[in-house]
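The residues making up each chain are set out below.
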Amino acid sequence: MEYEIELEKLDCTQELGEKPVIVAGPCSAESEKQVMETAGKLKEMGITIFRAGVWKPRTRPGSFEGMGSKALPWLRKVKKELGMKIAIEVAQPTHIFEALKYDIDIFWIGARTTVNPFFVQDLADAMKGLNNPIFVKNPVNPDLNLWIGAFERLSRAGIRKLAAIHRGFSYFGPTKFRNVPQWEIPIELHRRLPKLPILTDPSHICGRRDLLKDISQEAMDLNFTGLFIESHINPDEALSDKEQQLTPDDLEIMLDSLIIRQAEVDDKHLMNTLQHYRKQIDLLDDELMDVLEKRMKISEKIGQYKKENNITIFQNTRWNEIVGKRLKQAMEKDLSEEFVDKVFRAIHQESIKKQNKIMNE
Ligand code: PEP
Ligand code: MN
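Residues numbered from 1 in each chain as written. Chains lettered and ligands numbered in written order. Predicted model: local features only at pLDDT ≥ 70, side-chain atom pairs only at ≥ 80, totals over all residues. Heavy atoms only, no water.

## Comments concerning the coordination of the manganese ion (ligand 2)
Where we set the bar: Each metal's donors are the N, O and S atoms within 2.8 Å of it, or within 3.2 Å when it is Na, K or Ca, and because water is not part of the set, sites may look incomplete. Numbering of helices and strands runs from the N terminus; a helix is a DSSP stretch of H or I covering at least four residues, while a strand is a stretch of E covering at least two. Accessibility here uses a 1.4 Å probe with only protein chains present; expressed as a share of the type maximum, an area under 20% marks a residue as buried, one over 50% as exposed, and anything in between as partly exposed.
For the manganese ion (ligand 2), the protein coordination sphere consists of Cys27 (SG), His204 (NE2), Glu230 (OE) and Asp241 (OD), at 2.1 to 2.4 Å. Ordering the donors of the manganese ion (ligand 2) by residue number gives the pattern C-x176-H-x25-E-x10-D. Taken as a pair, Cys27 in the loop between β1 (21-25) and α2 (32-44) and His204 in helix α9 (residues 202-206) lie far apart in primary sequence, 177 residues in all. Per residue, the accessibility class of Cys27 equals that of His204, and both read buried.

## Quick look at the domain arrangement of the chain
Which entries qualify depends on this criterion: Boundary definitions for the domains trace back to an automatic or database domain assignment.
As far as domains go, the chain holds domain 1 (7-257) and domain 2 (268-359). Computed over C-alpha atoms only, the centres of domain 1 and domain 2 are separated by 41 Å.

## A look at the packing of helix α13 (residues 316-332) against helix α14 (residues 337-359)
Two packed helices can be described by the angle between their axes and the distance between those axes. Filter applied, for reference: Throughout, an axis means a line fitted to C-alpha atoms (over the contacting stretch in the case of helices), and angles, computed between N-to-C directions, take values from 0 to 180 degrees. The hand of a helix crossing depends on one turn: near helix anticlockwise from the far one by less than a right angle means left-handed, and clockwise means right-handed. What makes two residues a contact is simply this: any of their non-hydrogen atoms within 4.5 Å. In this classification, Asp, Glu, Lys and Arg are treated as charged, Ala, Val, Leu, Ile, Met, Phe, Trp, Tyr, Cys and Pro as nonpolar, and every other residue, Gly included, as polar.
The contact between α13 and α14 brings their axes to 9 Å, and the two run at 145 degrees. Of the two possible hands of crossing, α13 and α14 adopt the one that is right-handed. From α13, Trp319, Ile322, Val323, Arg326, Leu327 and Ala330 reach across to α14, where they touch Glu337, Val340, Asp341, Phe344, Arg345 and His348. Partitioned by chemical class, the residues of the contact of α13 with α14 number seven nonpolar, one polar and four charged.

## Observations regarding the state of the cysteines
Basically, it comes down to this: When the sulfur atoms of two cysteines come within 2.5 Å, that pair is taken as a disulfide.
Enumeration over the complete set of coordinates arrives at zero disulfides. The closest cysteine sulfur to the non-disulfide-bonded Cys206 is located on Cys27, 14 Å from its own sulfur. With relative accessibility at 2%, the residue Cys206 sits in the buried group.

## Here we look at helix α7 (residues 144-156)
Our working definition: To estimate the expected span of a helix, count its residues, drop one, and scale the result by 1.5 Å. Whenever a nitrogen or oxygen atom comes within 3.5 Å of another N or O atom, the pair is scored as a polar contact, on the condition that within protein one atom can donate a hydrogen and the other can accept it, and that pairs from neighbouring residues in sequence are kept only if both atoms are in side chains.
Given a rise of 1.5 Å per residue, 13 residues ought to cover 18 Å, and the 18 Å separating the end C-alpha atoms of α7 matches this to within 8%. At its buried positions, α7 is contacted by β4 (106-109), α5 (111-114), α6 (117-127), β5 (134-137), β6 (162-166) and α8 (184-192). Backbone nitrogen of Asn145 and a side-chain oxygen of the N-cap are separated by 3.2 Å at the start of α7; the cap is Asp143. Phi for Gly158, located one or two positions after α7, is positive at around 90 degrees.

## Describing the packing of aromatic side chains
The line we're drawing: Pairing of aromatic side chains requires ring centres within 6.5 Å, counting the rings of Phe and Tyr and the six-membered ring of Trp. Pairs whose planes differ by under 30 degrees are stacked, by over 60 edge-to-face, and all others tilted.
Following the criterion strictly, the structure yields three aromatic pairs and no others. Relative to Phe228, the ring of Trp108 has its centre 5.0 Å away and its plane inclined at 85 degrees; by these criteria the two rings are edge-to-face. Of this pair, Trp108 sits in strand β4 while Phe228 sits in strand β8 (residues 226-230), and the two are 120 residues apart along the sequence. Phe228 carries the same exposure label as Trp108, and that label is buried. Ring geometry for Trp183 against Phe224: centres 6.1 Å apart, planes inclined by 15 degrees, an arrangement best described as stacked. Of this pair, Trp183 sits in the loop between β6 and α8 while Phe224 sits in the loop between α10 (212-221) and β8, and the two are 41 residues apart along the sequence. According to the relative accessible area criterion, Trp183 is buried, its value standing at 10%. Every member of this aromatic cluster is reached through a ring pair, and the members are Trp108, Phe135 and Phe228.

## Regarding the site of ligand 1
Where we set the bar: Any residue with at least one heavy atom within 4 Å of a molecule or strand is counted as near it. For accessible areas, the Shrake-Rupley method is used with a probe of radius 1.4 Å. Any residue's cover is judged against the shown protein chains and nothing else.
The environment of ligand 1 is formed by Cys27, Arg51, Lys56, Glu89, Trp108, Gly110, Ala111, Arg112, Lys137, Arg167, His204 and Glu230. Separating an oxygen atom of ligand 1 from a backbone N or O atom of Ala111 is a distance of 2.9 Å. Within the side chain of Arg167, one N or O atom sits 2.6 Å away from an oxygen atom of ligand 1. Taking 300 Å² as the accessible area of ligand 1 by itself, protein coverage stands at 97%. Here the residues of the shell around ligand 1 sort into three nonpolar, two polar and seven charged.

## Some thoughts on the nonpolar core
Under the convention used in this document: Here, the term nonpolar core denotes a set of buried Ala, Val, Leu, Ile, Met, Phe, Trp, Tyr and Cys residues that are joined through side-chain atoms within 4.5 Å.
In terms of nonpolar packing, the biggest core is built from 71 residues, with Phe50, Ile88, Phe107, Met127 and Leu251 touching the most fellow members. Considering each element in turn, this core owes the most residues, six residues, to α7. Look past the residues within four positions of Phe107 in its chain and what remains in contact with it is Ile88, Val90, Ile96, Ala99, Leu100, Met127, Leu130, Asn132, Pro133, Ile134 and Phe135.

## Brief notes about the pairing of β1
Spelled out, the test is: The criterion for strand pairing is that DSSP finds at least two bridges linking the strands in question. Throughout, right-handed denotes a crossover for which the path from the first strand over the helix to the second runs clockwise when the strands point away from the viewer.
The element β1 is extensively covered by neighbouring structure, given that five of its five residues are classed as buried. Of the two faces of β1, the one holding Val21, Val23 and Gly25 and the one holding Ile22 and Ala24 are both buried throughout. Note that β1 and β8 share five bridges and pair parallel. Directly across from Val23, in β8, lies its bridge partner Phe228. Pairing of β1 with strand β2 (residues 49-51) involves two bridges; the strand directions are parallel. Of the residues in β2, the one forming a bridge with Ala24 is Phe50. Read from β1 through α2 to β2, the crossover connection turns out right-handed.

## With respect to the side chain of Ser216
Inspection of the secondary structure assignment puts Ser216 in helix α10. Contacts of Ser216, omitting those with residues within four sequence positions, involve Pro202, Leu227, Met254 and Leu258.

Put into structure tokens, the structure is as follows:
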């Protein structure tokens, strides 16, 4: 698929700095004191981009909705006194016009805004000609094209300094996360738009402090650009998202504990060893393809037979037997049940598709 984004012109590398990029700051700017103290500590740690919510999109009315324009002079003070770049969320054109009066550097579009093309278009129109970096959070629903659509709207408005923020997806059901990560979506975004930096927002994925480290490490292992993370001088007293915020000190400990692996291998010995393993994987993948081909050919034969004898394609008992047998084997082979279930479901679906075609020829 072709996108309306001039990939070659995408460039926010100078604004972001070196990988891993860390953007940190409180969920909300609450007071001048809270903003200055938090920013001061983060600056000492070498963080150069400060995030803070000014207008907060809350799920239900009645919760703290941000300090609004009153917070903008505090953020400008951080910029002037500490030399940090300031990032805030904007959801309406008026937010942008207000923020520009206070030299805000970076705008991000929140998950509840990305979801609505009308809102995104209004923001893109208001941003026309701006040279500021614009970050776009994933929409709350797992819709990659909707996320890419937001980048296209901004790109059409002439915005070049774009980056994505992966903050997880709404999920109705039991999960330990506030928003499930569904890593395959940002991975696919990277495959389609390789020049677009992607920051991971562990705070809104996890919703709780004890999961932050693992999600941050996963982001590093997947070679994403960096982290967009909440930090508050006194999280227990935070007016929003208190369970997921870290003190700057705890953030520093967490960041120091992350293992940053190399993305490119130039060492000859490492490269040879890797190549040796990759060769083995390639051979096994060849075998897998041969086996899949053979399996589908037999499925087609069964389809033909069912057609001639007027038997339905799908037989529940047979399907249960297949899944049951393979799930039991999964444990013995140290494969997760979830993985084996997915693989066999996909094979079975393809098999049904082929048989359906034969039935209706
Ligand atoms: C935030 O970053 O504080 C925020 C409101 O995030 P999201 O849009 O991801 O919910
Ligand atoms: Mn928040």
